[in-house]
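# Geometric and topological summary
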Amino acid sequence: MNITIIAGSNHSAATSTRLSEYIKHLAVQEGHNVTLIDLYRTPLPFYSPEDTHGGHQALEGFKHALLEADGIVLATPEYHSGISGVLKNALDHVGQDHFNNKAVLSVSSAGGAVAVSSLTQLQTIVRNLHGINCPEWISIGGDQRKSFRVDVAFADIHPDVDLRVRRVVRSFLGLAQQLTASVTK
Ligand SMILES: Cc1cc2nc3c(=O)[nH]c(=O)nc-3n(C[C@H](O)[C@H](O)[C@H](O)COP(=O)(O)O)c2cc1C
């Protein structure tokens, strides 16, 4: 399958981005074709109804990666009990054509223990875009974020966190597989 991961932080050393890289690593190990778009390294223009930014290379790449995706992962830092501005802006550029009937996994990193507010917000946006929310999500909060510092090797991720991430990624890939198979029948 084609899996597209959007890392929605505007921070070079974001833990949500490092977690996105780990999810990519796990999905590649399962034989999937994975595109990761990091919105810090690939910034998108501000959405405006008056300017479609036609021909903007990064924006075209972003839209194409979502259109081609069989499953989508959206990762965000939790900011003021919501998702990041850069991720919201990116999602404002796309619509139901990009998400319709695709499995979507929401992922968040928070300073507090859990990132429920941003995850709930993301799932509301996904529902509006007609994506299919994965019943599971990944929240890393507080000290769990230490496993996703840029200087920590994947092999050194805390075993409890690793178990959870692997289980949720497996469940997401299973849902994406089922939905892809039912659409192509
Ligand atoms: C502007 C701003 C707002 C934040 N708001 C919250 C919040 O509401 N709840 C929380 O738990 N952490 C909050 N944090 C902490 C971040 O969620 C935390 O640093 C997180 O790890 C950032 O994710 P990242 O490592 O992917 O950048 C906030 C941080 C910033 C900079």
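Note that the structure is predicted; figures quoted are calculated from it, not measured. (Residues numbered from 1 in each chain as written. Predicted model: local features only at pLDDT ≥ 70, side-chain atom pairs only at ≥ 80, totals over all residues. Heavy atoms only, no water.)

### What about the packing of aromatic side chains?
- Tallying each qualifying case throughout the model produces 2 aromatic pairs.
- Between the aromatic rings of Tyr 22 and Phe 148, the centroid separation amounts to 6.4 Å while the plane-to-plane angle is 50 degrees, which identifies the pairing as tilted. With Tyr 22 in helix α1 (residues 15-29) and Phe 148 in the loop between β6 (138-141) and α6 (159-184), this residue pair connects regions lying 126 residues apart in the sequence.
- You can call Phe 148 buried: its relative accessible area is 0%.
- A relative accessible area of 1% means that Tyr 22 is categorised as buried.
- Here the aromatic cluster, defined as three or more aromatic residues joined through ring pairs, consists of Tyr 22, Phe 148 and Phe 154. (Phe/Tyr/Trp six-rings, centres within 6.5 Å; stacked < 30°, edge-to-face > 60°. Helix = DSSP H or I, 4+ residues; strand = E, 2+ residues; numbered from the N terminus. Buried < 20%, exposed > 50% of the residue type's maximum accessible area, 1.4 Å probe, protein only.)

### Here we look at the site of the ligand
- Residues in close proximity to the ligand total 15 residues, the closest being Thr 15, Ser 16, Glu 78, His 80 and Gly 112.
- In this structure, Thr 15 approaches the ligand through a side-chain N or O atom, which is 2.6 Å from an oxygen atom.
- Measuring from an oxygen atom of the ligand, one finds a backbone N or O atom of Ser 81 at 2.9 Å.
- When residues of the shell around the ligand are traced back to their parent elements, those giving at least two are α1 and β4 (103-110). (Near = heavy atom within 4 Å. Polar contact = N/O pair within 3.5 Å; in protein donor to acceptor, adjacent residues only side chain to side chain.)

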